[in-house]
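Structural features, examined
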Amino acid sequence: MLQERLLRILDRKHHWAWPWFAEGKLPLQNLLPHFQQEWEVYVRDFPQLLARILGHAETPQDARGMLAANIYEEQTGGISGSTSHPELFLRMMDGCGFKRSDFGAVELLPAAARYRKLLDDASGADHWVVGAAVLTIFVEGSVNERKELQNTAPPESDDGIEAAIRKHPLVRIHGLDPKFLELQRVHKKVEGGHRLDAWKMVLDHTPATLGDRVVQTVEKALERWLAYRDDVANACGIKR
């Protein structure tokens, strides 16, 4: 089953260095390369990458609608009533004390450049559903995907979201003012719908002849993501 094959890949989307980021084992200033590479690899251009998939001539109308809603939120914040997600990311960086000029001309690390090339290739030259799987299933997905798909609880209340924000490592460990984590609030409000759309889009429109290619490309994305995270960990001063 295609969904199970993709979930098995996401089950492995976990990097050995993550506790260093999540448990405050590094000074905040050391996290700058991590944020810079995230920005340059996909945060800044994520709406554009999605737009490439939407722009394929063979992308069906229902998938175009789902992609358009995702792009609208990513580029304008129109669904959540906020602003563009790249801008919200930069506001979080403001709260961390980083300068916006730190994100103006970021040089990608070698493995980060290879990961970004895969995102470019998948969203541009490849079949639209391959790009959709890579961008909306893998990039937007996490190691917790299986658990989140099984969750039937109602959406978090505003109080629940604020409680989760206060537990975020940037707030709990590094003392960031919670007001700078609007991006995390927005994700909690809208990502559930985007995740359901992503799976419906890919599962409904992947023909049997393309299933293996979808899985192989997402597997390749995982391999490049892990190598990219290795490079970032090294740039942040983390040694295995």
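Everything below is about the structure printed above this text.
Throughout what follows, the structure given in this document is the object of discussion. These numbers come from a predicted model, not from an experiment. (Residues numbered from 1 in each chain as written. Predicted model: local features only at pLDDT ≥ 70, side-chain atom pairs only at ≥ 80, totals over all residues. Heavy atoms only, no water.)

What to know about the packing of aromatic side chains
Following the criterion strictly, the structure yields 7 aromatic pairs and no others. On the basis of an interplanar angle of 70° and a centroid distance of 6.3 Å, the ring pair of Phe 35 and Phe 89 is categorised as edge-to-face. Residue Phe 35 is located in helix 3 (residues 32-43), and its partner Phe 89 is located in helix 6 (residues 85-96); the two are separated by 54 residues in the primary sequence. By the burial criterion, Phe 35 is buried, and Phe 89 matches it. (Phe/Tyr/Trp six-rings, centres within 6.5 Å; stacked < 30°, edge-to-face > 60°. Helix = DSSP H or I, 4+ residues; strand = E, 2+ residues; numbered from the N terminus. Buried < 20%, exposed > 50% of the residue type's maximum accessible area, 1.4 Å probe, protein only.)

What to know about the packing of helix 3 against helix 7 (residues 110-124)
One way to put it is that helix 3 packs onto helix 7 with a least axis distance of 9 Å and a crossing angle of 20°. Taken as axis vectors, helix 3 and helix 7 run roughly parallel relative to one another. Crossing handedness for the pair helix 3 and helix 7: right-handed. In this structure, helix 3 uses Gln 37, Glu 40, Val 41 and Tyr 42 to contact helix 7, whose residues at the interface are Ala 112, Tyr 115, Arg 116 and Leu 119. Here the contact of helix 3 with helix 7 is built from residues that sort into 5 nonpolar, 1 polar and 2 charged. (Axes fitted to C-alpha atoms, helices over the stretch in contact; angles between N-to-C directions. Parallel < 35°, antiparallel > 145°, perpendicular 65-115°, else oblique. Left-handed = near helix turned anticlockwise from the far one by under 90°. Contact = heavy atoms within 4.5 Å. Nonpolar A, V, L, I, M, F, W, Y, C, P; charged D, E, K, R; others polar.)

Focus: the side chain of Arg 195
Relative to the helices and strands, Arg 195 is located in helix 12 (residues 182-205). Among all residues touching Arg 195, those that are not within four sequence positions of it are Thr 136, Ile 137, Glu 140, Gly 141 and Glu 145.

Some details on the state of the cysteines
Applying the stated criterion to the full structure yields 0 disulfides. Its sulfur unpaired, Cys 96 is 12 Å from the next cysteine sulfur, which belongs to Cys 236. Judged by relative accessible area, which is 10%, Cys 96 ranks as buried. For Cys 236, a relative accessible area of 2% corresponds to the buried category. (Disulfide = S-S within 2.5 Å.)

Brief notes about the packing of helix 7 against helix 8 (residues 128-139)
Packing of helix 7 against helix 8 leaves a shortest axis separation of 7 Å and a crossing angle of 130°. Between helix 7 and helix 8, the interaxial angle falls into the category oblique. Residues Tyr 115, Leu 118, Leu 119, Ala 122 and Ser 123 of helix 7 form the contact with helix 8, whose own contacting residues are Gly 131, Val 134, Leu 135, Phe 138 and Val 139. In the contact of helix 7 with helix 8, the residues fall into 8 nonpolar, 2 polar and no charged.

A closer look at the side chain of Ser 84
Secondary-structure assignment places Ser 84 in the loop between helix 5 (61-76) and helix 6. Residue Ser 84 is classed as buried on the basis of its relative accessible area of 11%.

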